[in-house]
Amino acid sequence: MRAIQITELTGPATALTLSDIPEPEPSHLTTPGSGVVVDVKAAGVSFPELLQTRGEYQVKPPLPFVPGAEVGGVVRAVHGEARVKPGDRVAAFCMLGAWAEQAVAPTYFTFKIPDHWDFAQGAALVLNYHTAYFALIARGRLAEGETILVHGAAGGVGTATLQVAKAWGVRTIAVVSTDAKEQVARDAGADEVVRSDGPWKDQVKEMTDGGVHLVLDPVGGDRFTDSLRSLREGGRLVVVGFTGGSIPEVRVNRLLLNNTEVIGAGWGASVIGWPERTERIGRAIEGLIEAGQVNPVIGARFPLDRASEALALLDERGATGKVVLDVA
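1. Overview of the overall build of the protein
When helices and strands are counted, the protein shows 11 helices and 15 strands. The C-alpha radius of gyration of the protein comes to 19 Å, within 12% of the 20 Å expected for a compact globule of 328 residues. Structurally, the protein occupies a C-alpha span of about 60 × 40 × 35 Å along its principal axes. When the 328 residues of the protein are sorted by exposure, 53% land in the buried category. Carbon and sulfur atoms form 49% of the exposed surface of the protein, whose accessible area is close to 13,700 Å².

Have a look at this one:
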């Protein structure tokens, strides 16, 4: 089968090779002897794959390996107990191996998708929406009637966060950098939008009469301190990632003076190996899908052999919604 492999750790322009490799065994590395084999129609492109091309991600498989964590496709075979069967249209989280014509996912990380969805939306579901739900509800303790500030609001995690937050009945403020990204954020449910290159902290404080209840930050970097300052007393800042590149530090006296919190939301560490947690979040998101409150936003699409261009788009901060590879 065709697959993209990372063959050297030299960055997205040169690290990838289109290869012909054997089809995968019907067993996932986290669940030996069981797994769901999926004929991949679309594969998600995310920040971890960009880091993997440079050897900068915490998971460092031996070279060469097939990257990619998310697929939308059709079940070819099931080994073990699962909620899906051959022929089902599914979203699946593979952890590795998604950038190929076939991939294997754990049975508990495979979910049916609606018939009217594009397969690309399946590839955009698990990582972004499970992260958003985990960060907002399990870690952030989001409550109806609160106000949330979302950084990187036009990206995959950002648009998922806006949709989940709106389903929870909260007011949403998006932080974006361009007019095009503002429109994406508004379409995803942002009630207000501020610009990352403007006085957004002061604008947010004015909009909210003192600050927001919760900030969701997948960006990190220089804006972290102003995110803390945009919280009202008792507010929470949930850290999801560092797509801005630098990992910020916090002066804990800021937390003490305003009774605020900084909360880590490491979705992968919390759910991988814990099927009941994943299934619980999956059922909650299925309910939101059935209610029409979850509709993954797809941005740029590339054929499999142009995966390096997809990563370059992420690297240049030009992506909106979910970037995908069309595999089939």
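2. Let's talk about the nonpolar core
Of all hydrophobic cores here, the largest spans 55 residues; its most connected members are Phe 93, Phe 109, Leu 125, Leu 136, Ile 148 and Trp 267. Top contributing element to this core by residue count: helix H3 (residues 126-139), with 9 residues. Residues contacting Phe 109, with those up to four places away along its chain left out, are Ala 91, Ala 92, Phe 93, Met 95, Val 126, Trp 267, Val 271, Ile 272 and Thr 278. Core analysis: the second largest hydrophobic core is formed by 36 residues, Ile 6, Leu 16, Ala 43 and Ala 319 among them.

3. Some points on the sheet that holds strand S8 (residues 147-150)
Read across the open sheet, the 6 strands follow the order S10-S9-S8-S11-S12-S13; overall the sheet is parallel. Two strands lie at the open edges of the sheet, namely strand S10 (192-195) and strand S13 (261-264), each paired on one side alone. When the angles between neighbouring strand axes are averaged without regard to direction, this sheet yields 20 degrees. Helix H4 (residues 156-167) rests against S8, strand S9 (171-176) and strand S11 (212-217) of the sheet, and its axis sits at about 170 degrees to S8. Here helix H6 (residues 200-207) sits on the sheet in contact with S8, S9, S10, S11 and strand S12 (231-239), set at roughly 155 degrees to S10.

4. What about the pairing of strand S4 (residues 70-79)?
As judged from the 8 bridges shared by strand S3 (residues 35-45) and S4, these two strands associate in the antiparallel manner. Directly across from Val 38, in S4, lies its bridge partner Val 75. Bridge count between S4 and strand S5 (residues 89-93): 5 bridges; the pairing is antiparallel. Bridged to Gly 72 within S5 is Ala 91.

5. With respect to a nonpolar patch on the surface
A cluster of nonpolar side chains, namely Val 250, Val 252 and Val 262, defines an oily patch on the protein surface of about 220 Å² accessible area. Relative to the helices and strands, Val 252 resides in helix H8 (residues 252-258).

6. A few points about the packing of aromatic side chains
According to the stated counting rule, one finds 5 aromatic pairs in the structure shown. Taken together, a centroid distance of 5.9 Å and an interplanar angle of 65 degrees make the contact between Phe 109 and Trp 267 edge-to-face. Placement of Phe 109 in the loop between strand S6 (102-105) and strand S7 (110-112) and of Trp 267 in helix H9 (residues 267-271) is noted, with a sequence separation of 158 residues between them. Aromatic ring contacts, followed pair by pair, group Phe 93, Tyr 108, Phe 109 and Trp 267 into a single cluster. One residue, Arg 89, lies across the ring of Phe 119, its end atom 4.3 Å from the ring centre. Of note, Arg 277 hangs over the ring of Trp 274, and the distance from its end group to the ring centre comes to 4.2 Å.

Calculation rules
Residues numbered from 1 in each chain as written. Predicted model: local features only at pLDDT ≥ 70, side-chain atom pairs only at ≥ 80, totals over all residues. Heavy atoms only, no water. Helix = DSSP H or I, 4+ residues; strand = E, 2+ residues; numbered from the N terminus. Rg over C-alpha atoms; globule rule 2.2 N^0.38 Å. Buried < 20%, exposed > 50% of the residue type's maximum accessible area, 1.4 Å probe, protein only. Areas by Shrake-Rupley, 256 points an atom, 1.4 Å probe, with all protein chains shown as cover. Core = buried A, V, L, I, M, F, W, Y, C linked by side-chain atoms within 4.5 Å. Contact = heavy atoms within 4.5 Å. Pairing = 2+ DSSP bridges. Axes fitted to C-alpha atoms, helices over the stretch in contact; angles between N-to-C directions. Patch = residues over 30% accessible without salt bridge, like charges linked within 9 Å, V, L, I, M, F, W, Y side chains within 5 Å. Salt bridge = Lys/Arg side-chain N within 4 Å of Asp/Glu carboxyl O. Phe/Tyr/Trp six-rings, centres within 6.5 Å; stacked < 30°, edge-to-face > 60°. Lys NZ or Arg CZ within 6 Å of the ring centre and 35° of its normal.

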